Structure formats: C-alpha cells, structure tokens
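# Breakdown of the fold
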Amino acid sequence: MIGLTLFTAVKVLVSILVVVLLSLIAEWAGPRIAGIASGYPLGAAISLCFIGLENGTAFAARSALFTAAGLTATVAFAAGYLLGIRLAGNRRRPASLAMSIFAGIAAYGLTAWVLSFMPVNWVSAPLIAVAGTALAARCFRHIPDVTIREKIRLGYAVAFLRAVFAALVILTITTVAGAVGPRWAGLFSAFPITMLPLLVIIHFTYQPEHVRTIIKNIPRGLGSLLVYAMIIAASYPELGVAWGTVIGYLAATLYLVLIEYGMRGTVAGR
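Notes on the structure follow. (Residues numbered from 1 in each chain as written. Predicted model: local features only at pLDDT ≥ 70, side-chain atom pairs only at ≥ 80, totals over all residues. Heavy atoms only, no water.)

## Side note on the overall build of the protein
Threshold: Only runs of H or I of at least four residues qualify as helices and only runs of E of at least two qualify as strands under DSSP, and these elements are numbered from the N terminus. Working definition: with a 1.4 Å probe on protein chains only, accessible area under 20% of the residue-type maximum means buried, over 50% means exposed, and in between means partly exposed. Contact definition: two residues touch when any of their heavy atoms are within 4.5 Å. Here the Shrake-Rupley method, with its probe set to 1.4 Å, supplies the accessible areas, and only the displayed protein chains count as covering residues.
Across its full length, the protein holds 10 helices and zero strands. In the protein, which comprises 270 residues, the share counted as buried stands at 52%. The long-range share in the protein, meaning contacts at least 24 apart out of those at least 6 apart in sequence, stands at 82%. Here the protein displays about 12800 Å² of accessible surface, and carbon together with sulfur accounts for 71% of that area.

Structure (structure tokens):
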C-alpha cells in the first residue's frame, strides 16, 4: 500500500514539474518555441514509462506504436481547437475557451476512434503519423508568428491548476491501461496531456493570436514524439524502461535541436 502511494506521488510530482516547465518556456522563449516544445515527449513519455513499469515492457512497446499513430489525433485536437477559436469569433473569453476545448477534444476523440480500427504496425504507425502531421503543417503554414511582448506573471495558483490537470490525466491513463489494452493505452497516451492546459492558459491570459502561433508550430515539434515512440517500441523489450527512456529522450532532443537549427538557417538565408 505504501509502495503504491509512493508510486502515485512520483507520477503526480513528475507531471507537475513537466507542465510548469513547458508553461515557462511559452512565456520566456515565445509561442513559436513553445509550440515546437509542446511536441517534446512529456506527457506521453511519462505515461509510457509508467505503463511499462506497471504492465511490462512488451505491453508498453506495443502501446508506443499506437501512440505514434495517435499523433494524428493529437494534431486533430490542435486543428479542432483552432476551429473553436474561429467559431467563437468575438465572444467573451470564457465562451471562446469552452468552444475551443470542446472542439479540440471532439476532434481528438473522433480521430482516435477511427485509428482504433486501423491496423497499426512498424510500417503503418509512422506513415499515419507523418501523413497527419504533414497535412496539419500545410494547413497551418499561413498562420503568422506572434510574440508575447508584455509578459504576465501567471502565479502559483494557475501553474498548480494546470499541473494538477496533467497529473490527473496521466494517472487516469496509466491506471486504466491494463484494462483497455495496449491499443487504447497508446492512443490515450497521445492525448495532448500538457498541450491542452498550455493552450488554455495562454488563451486565457493573452490573445488568440498567441494560441494560433503555438498551434502552427505543434506539427513540427511532434516529430520528436514520433521518434521517441518508435524508439520506445524498439528498445523497451530489449533494454528495459530506464535505458529505453534515456535513449528515446536523447533521440527526441537531437531531433528538436536539428529542427530549430534548420529553422534558424532558413530564416538567416532569406
């Protein structure tokens, strides 16, 4: 009982630290970097790690393939959130937030449901993910990059609420994983665990333009999660959770560094 409680406390603590860090990136590095960083394997990685510890490495490895394919549902959430902002128009911020969240979750749920009927393997998982993110990147390409000029201190209460949300989602996913099987455990792990509270708080605190900038850069950053998920699928059964996670994070980090370096080179060359 004590071990279970301690394990749950670790899940909550890790989740809180990750979400707070991402929100700080949004404020200090800007929405563009935050959008890219939101694709970094944070919530999904935490979920897969604990799924592996609780249900075995083979179970987690299989789930990781569905997490990779589930990135299409992740970008569907971003597109739905964007649609919600557009449909809200000039409505008050609470109404705009509600419409955006509902549209985003509905888009994610519908896409995940469709994916649950598709055959997912080593070939189809990355193809589905690349197709979905490439389509989203093309649709989002005309959104302008807007920086946060006048930063607002979000406060401890907001950071706590955002982090608690992420922790609760991760706890739910890892708790039901054994019951729903690797297919839905992997698809649930692709839920925008840290992205959703990030978008909500930026939407509530700043302007919709800043949210659009984050969403524009999400598909580019999700490539790191795809790399991570595929490495987890390959390495967990052979190397275990600890080393598999380390190698996955190294590869995902290298991907993001190369992406950012390439973007700076493109801008400098103009």
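Having seen the structure, we can now continue with the description.
## Notes on the side chain of Thr 67
Take Thr 67: it is sitting in helix α4 (residues 57–69). Here Thr 67 falls in the buried class, since its relative accessible area comes to 0%. Those residues in contact with Thr 67 that sit more than four places away from it in its chain are Ala 44, Leu 48, Gly 186, Ser 189 and Ala 190.

## Observations concerning helix α7 (residues 124–140)
Quick reminder of the rule: Between the first and last residue of a helix there are one fewer steps than residues, each counted as 1.5 Å, and that sum is the expected span.
Taking 1.5 Å of rise per residue, the 17 residues of α7 would be expected to cover 24 Å, and the 24 Å separating its terminal C-alpha atoms lies within 8% of that figure. Those residues of α7 that sit buried are Ser 124, Ala 125, Pro 126, Ile 128, Ala 129, Gly 132, Thr 133, Ala 136 and Phe 140.

## Focus on the packing of helix α3 (residues 43–55) against α4
Selection rule: Helix axes use the C-alpha atoms of the stretch in contact, all axes being lines fitted to C-alpha atoms, and the angles between their N-to-C directions lie in the range 0 to 180 degrees. Angular relationships are summarised with four words: roughly parallel below 35 degrees, roughly antiparallel beyond 145, roughly perpendicular across 65 to 115, and oblique for the angles in between. Here a crossing is called left-handed whenever its near helix is offset anticlockwise from the far helix by less than a right angle, and right-handed whenever the offset is clockwise. Think of it as three bins: nonpolar holds Ala, Val, Leu, Ile, Met, Phe, Trp, Tyr, Cys and Pro, charged holds Asp, Glu, Lys and Arg, and polar takes everything else, Gly as well.
Two numbers describe how α3 lies on α4: the axes approach to 7 Å, and their chain directions differ by 150°. As judged from the angle between their axes, α3 and α4 are roughly antiparallel. Judged by the twist between their axes, the crossing of α3 over α4 is right-handed. Where α3 abuts α4, its residues Ala 44, Leu 48, Ile 51, Gly 52 and Asn 55 lie against Thr 57, Phe 59, Ala 60, Ser 63, Ala 64 and Thr 67. Residues that form the contact of α3 with α4 fall into these classes: six nonpolar, five polar and no charged.

## Remarks on the nonpolar core
Condition: As used here, the term nonpolar core means buried Ala, Val, Leu, Ile, Met, Phe, Trp, Tyr and Cys residues forming a set that is joined through side-chain atoms within 4.5 Å.
Grouped together as the largest cluster of nonpolar side chains are 65 residues, with contacts concentrated most on Tyr 81, Leu 199, Ile 215, Tyr 228 and Tyr 236. Where this core is concerned, the elements lending two or more residues are α3, α4, α5 (71–88), α6 (93–115), α7, α8 (155–189), α9 (195–205) and α10 (208–268). The contact partners of Tyr 81, leaving out residues within four places of it in the chain, are Leu 97, Ser 100, Ile 101, Ala 103, Gly 104, Leu 199, Val 200, His 203, Val 211 and Ile 215.

## Looking at the packing of aromatic side chains
The line we're drawing: Centres within 6.5 Å are what make two rings of Phe, Tyr or Trp a pair, Trp counting through its six-membered ring; a difference in plane orientation under 30 degrees is then read as stacked, over 60 as edge-to-face, and the rest as tilted.
In the structure shown here, the tally under the stated rule is five aromatic pairs. Ring geometry for Tyr 108 versus Phe 191: centroids 5.0 Å apart, planes at 85°, classification edge-to-face. Of this pair, Tyr 108 sits in helix α6 while Phe 191 sits in the loop between α8 and α9, and the two are 83 residues apart along the sequence. The pair Tyr 108 / Phe 191 is uniform in exposure class, with both members buried.

## As for α9
Most of α9 sits inside the fold, with nine of its 11 residues counted as buried. Those residues of α9 not exposed but buried are Met 195, Leu 196, Pro 197, Leu 198, Leu 199, Ile 201, Ile 202, His 203 and Thr 205.

## Digging into a nonpolar patch on the surface
To keep it simple, the criterion reads: For patches, a residue must show more than 30% relative accessible area and have no salt bridge; joins then use 9 Å for like charges and 5 Å for nonpolar side chains, namely Val, Leu, Ile, Met, Phe, Trp and Tyr. We define a salt bridge as a side-chain nitrogen of Lys or Arg found within 4 Å of a carboxyl oxygen belonging to Asp or Glu.
The grouping of Leu 110, Trp 113, Val 114, Phe 117 and Met 118 at the surface amounts to a nonpolar patch, some 530 Å² of accessible area in total. Along the chain, Leu 110 turns up in helix α6. Note on Leu 110: relative accessible area 55%, which makes it exposed.

## Section: the packing of α5 against α9
Relative to each other, α5 and α9 sit at 20°, their axes nearing to 11 Å. What the angle tells us is that α5 and α9 run roughly parallel. Between α5 and α9 lies a crossing of right-handed hand. Facing α5, whose interface residues are Thr 74, Phe 77, Tyr 81 and Ile 85, α9 presents Met 195, Leu 196, Leu 199, Val 200 and His 203. A class-by-class count of the residues in the contact of α5 with α9 yields seven nonpolar, two polar and no charged.

## Regarding the environment of Ile 101
Residue position: Ile 101 is located in helix α6. Given the relative accessible area of 24%, Ile 101 is considered partly exposed. Spatially, the C-alpha atoms of Ile 101 and Pro 197 are 9.8 Å apart, while their sequence positions differ by 96 residues. Leave out the neighbours within four places in its chain, and Ile 101 touches Tyr 81, Leu 196 and Val 200.

Just distances and angles here, no functional claims.
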